[in-house]
Amino acid sequence: STLMRSSAASDVYKRQVGMTTIAATHLYDLDRVKECLGKIALSSKHLLSLINDVLDMSKIESGKLSLGEEPFNFAELISDVVELMRSQVDSKRLMMDVHMSVLENEKVIGDPLRIRQVYINILSNAVKYTPAGGSLHIEVSQEKSSIRGRQKYIFKCSDTGIGMSQEFLDKLFQPFERAKDSTISRIAGTGLGMAITHSIVEMMGGRIDVQSERGKGSTFTVLLPCHLAQEPQAPQ
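Residues numbered from 1 in each chain as written. Predicted model: local features only at pLDDT ≥ 70, side-chain atom pairs only at ≥ 80, totals over all residues. Heavy atoms only, no water.

Applying the stated criterion across every chain, the model contains four aromatic pairs. Consider the rings of F74 and Y153, whose centres lie 4.5 Å apart with planes at 25 degrees: the pair is stacked. Here F74 is found in helix α3 (residues 74–91), whereas its partner Y153 is found in strand β5 (residues 150–159), with 79 residues between them in sequence. For F74, a relative accessible area of 0% puts it in the buried group. (Phe/Tyr/Trp six-rings, centres within 6.5 Å; stacked < 30°, edge-to-face > 60°. Helix = DSSP H or I, 4+ residues; strand = E, 2+ residues; numbered from the N terminus. Buried < 20%, exposed > 50% of the residue type's maximum accessible area, 1.4 Å probe, protein only.)

Put into structure tokens, the structure is as follows:
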């Protein structure tokens, strides 16, 4: 897997060098230079994403990925994630419907950065593999937990995308696995997002389930147990 990571980074680097060379030899062709700079910027974002995913995967593999414990508002986190994804959804001309039932306990303790990463990874995949004109449906709810001081938070994302075969579903969370499909092969990605997502959810004591069918879309359901934040005592 280390060789595959190095190869992916090398490919991105070679594309950047190639675009830089083209720009340097067409300095007086402003349109050509502008096109090259745009591709270099896009390639740089992809390289940064690859580096971050590789670092996360390396920490997971070595057991060095740690989770934070801090108070945060779960409902606000969901709203932030939805707004972060809004531009991608709009640019792809997708419909996004968000249904969040009233959460009995919004204030919880956990790692909001990693939880946000999990949800963004799932939504990014849904956007990436859903053709223009399709739709995403997001549901967020809360369930009681048998463990005192905890509650279960369920995040469900359904899309009308290209879907996955059962064969691919069986290895979805393995690093660098991507379906062998001509449509998918043209979509940029590090091949690590779902493996990282699955690992983070398991580290949090949660569960991620996937239902999908080729040509009919996918549904990802994430269940995370969270400690409830203590409400401050009102002054007597």
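For the rest of this paragraph, the subject is the pattern of salt bridges. Working definition: two side chains of opposite charge can pair if their charged atoms are close together. By the definition in use, this model includes four salt bridges. The residue R86 makes a salt bridge to E83 at a minimum N-O spacing of 3.7 Å. Residue R86 and its partner E83 are both found in helix α3; the two are separated by three residues, about one turn of the helix. Take E83: its relative accessible area is 51%, and that puts it in the exposed class. Between R207 and D209 there is a salt bridge whose closest N-O contact spans 3.0 Å. The partly exposed category is assigned to R207, whose relative accessible area is 45%. (Salt bridge = Lys/Arg side-chain N within 4 Å of Asp/Glu carboxyl O.)

The subject of this paragraph is the confidence of the model for the protein. On average, residues of the protein carry a pLDDT of 80, and 74% of them reach 70 or more. The low-confidence segment residues 1–9, where pLDDT is below 50, has twelve contacts with residues more than four positions distant or belonging to other chains. Scored below 50 in pLDDT, residues 182–189 makes twelve contacts in the model with residues more than four places away or belonging to other chains. (pLDDT = per-residue confidence, 0-100. Contact = heavy atoms within 4.5 Å.)

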